[in-house]
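# Structural features, examined
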Amino acid sequence: MALAAVLLVVALVAIPWSAKADTERRVPGSRGEVQLSYAPVVKRVAPAVVNVYTKRVVREQMRSPFANDPFFQQFFGNRFSFGVPRERVQQSLGSGVIVDPTGLVVTNYHVIKDGQEFTVALADRREFEAELVLSDERTDLAVLRIGNGREKLPHLTFKNSDSVEVGDLVLAIGNPFGVGQTVTSGIVSALARTHVGVSDYQFFIQTDAAINPGNSGGALVTMDGQLIGINTAIYSQTGGSIGIGFAIPSNMVESVVASARNGGHVMRPWFGAALQAVDAELAQSLGLDRPGGSLIRDLAAGSPADKAGLRVGDVIRAVDGFEVDEPQALRYRFATKGLGGKAKVSYLREGKWREAEVALVAPPEDPPAEETVIAGRNPFAGATIANLSPAVADRLGFDSLTERGVVIVNIEPGSAANRIQFQRGDIIVDVGGQKIGKVSDLVKATSAAKPQWTFTVKRGERVFTATVGG
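Summary of the structure given here. Small disclaimer: the values here were computed from a predicted structure and weren't measured. (Residues numbered from 1 in each chain as written. Predicted model: local features only at pLDDT ≥ 70, side-chain atom pairs only at ≥ 80, totals over all residues. Heavy atoms only, no water.)

A word on the overall build of the chain. What the chain contains, in helices and strands, is twelve helices and 25 strands. Considering the chain as a whole, with its 470 residues, one finds that 43% of them fall into the buried category. Considering only contacts in the chain between residues 6 or more positions apart, those separated by 24 or more positions represent 60%. For the chain, the exposed surface amounts to about 24600 Å²; the carbon and sulfur share of it is 52%. (Helix = DSSP H or I, 4+ residues; strand = E, 2+ residues; numbered from the N terminus. Buried < 20%, exposed > 50% of the residue type's maximum accessible area, 1.4 Å probe, protein only. Contact = heavy atoms within 4.5 Å. Areas by Shrake-Rupley, 256 points an atom, 1.4 Å probe, with all protein chains shown as cover.)

Rendered as C-alpha cells:
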C-alpha cells in the first residue's frame, strides 16, 4: 500500500514537470487557463479566409412532363427533350484562403469546377474579380489570383503538416451554408486518413471541428495561427456535420501553390511501380511480422523505381523516414517531394531490410500526347484524345503500367461524346473494325460520316462494344 502511494505521488509530481518540458502542447494548469479564448487567433487569421463565388453557364433542354412516366418511356424511350437548348447562369459558393500577400488564393477544385467567372469576397466586404491560375483535379485544389499584385493582402503562412499530432487543437474557418464567415473549434482526430474517395491523393487530416457545405476550401489552422490544411470534405448521412471532417494537409497544398507560382503546371515525381496494400493475409504469406506497407506488384522498365534497384515483391515500409502503411501514403510522400533530388525508400526483401534512393523525376511523355479534339458527325465528337504515355497515365491516375493506345482526356459538355456517355480515361480500342493504336488512327477512322458506328472501349478492367446511329 505504501509503495502504491509513493508511485502515485511520483506520478503526480511528474505531470507538471512534463507539461513544462513541452511548452507547445500541454493541458490547462489553472482555472484561468481553462477560460482562455480563441479570439486572438481568430482575429489574426480570419481576414485571410475568403468567400469564393463561381458562375457557370448551364445548357438545358426543355423536357416533356411525361419524361419520367414508365408507360411513355416504354414506347418512346428517353426521347422527351424538345426545342432549342436554353442557357442559364448557375452560381455556387465556397471558401478559400489567401496564402500570398500579392493575392494568391487557394480553394478546392470542386468549388470552381466548370466555372467561367470567379469572385472573391474578403471578410472586410471588399470584392475582387479572380483569375484562375491553376486547377488540379487530382488533389481537389485550385489557385486563384486577385488584386493588382501591389496591394499587400492579409494572408496565412503554411505550417509543416507533418508536425501536427492527434489531439492538437485546431480551428476551422469558412462560410457554411452561405450564412457568413464562421469559426468552429475541435481537435485533430486522426492523421493519414485514406479511402475517403475525394481525390487521387488521399492522405487527409481528420478533425471534429464542425465542417459543413460551404466550408469547402476554407482554413484549418493551429493555435499559432498557421495553416495546417484546407477543409475539403465531410462524412455525413444528412448533409450536416457529425464531427467527421477532412482537410488536405498543408504540405500538399503548398506544393500545388508552388506550382502556381512557377507557371501554373503541376509536375509530380514518377515512381513507376504499381502497388498493393499488405493486409494480414498477405503479410502472413510473405512471412512479415505485421500487416502494412506497399507491395510492388508491377514495375515499369526504366522507371525511377526500376533504376533504383527495386523489384516486384519488395515491400516498401518508409519514405524518407515516414511510414507508408499503404499505397496512398507512398503516393502522397512522393507527390509532396517536388522534382529534383532523391527520396530514400526503406523496404523489405526476403525478410531483410534494405534501402534505395529513388530519383525524383517527372514521368516521360513517350509517345508524345498529340492531344486532339475530335470533330464532325461521329460518337467521339467533342472528346479530346491523346496517346497514352506514362505522363498521360499519371495525369489520369491510371494504376496500370502497361496500357498503351488512345485515351480520352476531356469531354466537352453537351457534345456527342458526352451524350454517348464516354468518360475521361476511356481507352478506344477499335472503331468499325479498325484497331486504334495512335491519335491519327482515330482521326482517320472518324473523318467521314456513317449511318452507324460500332466501337470498342476499355474502361478500367471492363471492355465493351456498342453500336450507335450516325
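Let us look at the pattern of salt bridges. If you walk through the whole model with that rule in mind, you get 14 salt bridges. Here R126 makes a salt bridge to E151, at a shortest N to O gap of 2.5 Å. You can see R126 sitting in the loop between β4 (117-121) and β5 (127-136) and its partner E151 sitting in the loop between β6 (141-145) and β7 (169-174), a full 25 residues away along the chain. Accessibility expressed as a relative area gives 30% for R126, which makes it partly exposed. The class for E151 is partly exposed, based on a relative accessible area of 35%. Note that K159 is salt-bridged to D224, the shortest N-O span being 3.1 Å. Here K159, found in the loop between β6 and β7, pairs with D224, found in the loop between β10 (219-222) and β11 (227-234); they are 65 residues apart in sequence, far enough to count as distant. (Salt bridge = Lys/Arg side-chain N within 4 Å of Asp/Glu carboxyl O.)

It is worth spelling out the sheet that holds strand β8 (residues 182-193) at this point. Read around the closed barrel, the six strands follow the order β7-β8-β9-β12-β11-β10; overall the barrel is antiparallel. With strand direction ignored, the average angle separating the axes of adjacent strands in the sheet is 45 degrees. Here six bridges tie β7 to β8, and the two strands are oriented antiparallel to one another. When the sheet's bridge partners are listed, I173 is paired in β8 with V183. Its contacts with the sheet place helix α6 (residues 250-261) against β11 and β12 (245-249), and it is angled at close to 50 degrees to β12. (Pairing = 2+ DSSP bridges. Axes fitted to C-alpha atoms, helices over the stretch in contact; angles between N-to-C directions.)

Within soluble globular proteins, side chains that are nonpolar tend to cluster in buried spots. Counting 51 residues, the largest nonpolar core has L227, F271 and F334 as its most contacted members. Leaving out residues up to four positions away in the same chain, L227 has contacts with V97, V99, L156, T157, F158, K159, A219, L220, V221 and S250. If you look at the next biggest cluster of nonpolar residues, it comprises 18 residues, including I408, I411, I428 and A445. (Core = buried A, V, L, I, M, F, W, Y, C linked by side-chain atoms within 4.5 Å.)

Moving on: the side chain of T107. Relative to the helices and strands, T107 resides in strand β3 (residues 104-107). On the basis of relative accessible area, T107 is assigned to the buried category, the value being 0%. A polar atom in the side chain of T107 sits 2.6 Å from the backbone oxygen of S95. Contacts of T107, omitting those with residues within four sequence positions, involve V52, S95, G96, I112, D140, L141, A142, L144, S216 and G217. (Polar contact = N/O pair within 3.5 Å; in protein donor to acceptor, adjacent residues only side chain to side chain.)

Further remarks concern a nonpolar patch on the surface. Side chains of Y38, L169 and I187 sit close together on the surface and give an oily, nonpolar patch of about 230 Å² of accessible area. On the secondary structure map, I187 appears in strand β8. (Patch = residues over 30% accessible without salt bridge, like charges linked within 9 Å, V, L, I, M, F, W, Y side chains within 5 Å.)

For the bond from D366 to P367, the omega torsion is 10 degrees, close enough to zero to count as cis. Relative to the helices and strands, P367 is located in the loop between β18 (352-359) and β19 (372-373). Not every positive phi belongs to a glycine, and D114 is a case in point at roughly 65 degrees. Within the secondary structure, D114 sits in the loop between α5 (109-112) and β4. Residue D114 is classed as exposed on the basis of its relative accessible area of 51%. Residue D320 is not a glycine yet carries a positive backbone phi of 50 degrees.

Bringing the packing of aromatic side chains into the picture now. According to the stated counting rule, one finds six aromatic pairs in the structure shown. Residues F203 and Y332 carry aromatic rings whose centres are separated by 4.1 Å and whose planes lie at 15 degrees to one another, so their mutual orientation is stacked. Pair noted here: F203 is in the loop between β8 and β9 (204-207) and Y332 is in helix α9 (residues 327-335), with a separation of 129 residues, a long-range link. Residue F203 is classed as buried on the basis of its relative accessible area of 10%. Y332 gets classed as buried once you look at its relative accessible area, which sits at 1%. (Phe/Tyr/Trp six-rings, centres within 6.5 Å; stacked < 30°, edge-to-face > 60°.)

Along α9, eight of the nine residues are buried, which leaves the element largely enclosed by surrounding structure. Of the residues making up α9, those classed as buried are P327, Q328, A329, L330, Y332, R333, F334 and A335.

This part takes up the pairing of strand β22 (residues 427-431). Across the five residues of β22, four count as buried, placing the element largely inside the fold. In this sheet, β22 lies alongside strand β21 (residues 406-411) in antiparallel orientation, the contact comprising two bridges. When the bridges of β22 are listed, V406 appears paired with I428. The pairing of β22 with strand β24 (residues 452-459) spans four bridges and is antiparallel. Across the sheet, D430 pairs through a bridge with T456, a residue of β24.

Keep in mind that these numbers describe shape and distance, not what the molecule does.
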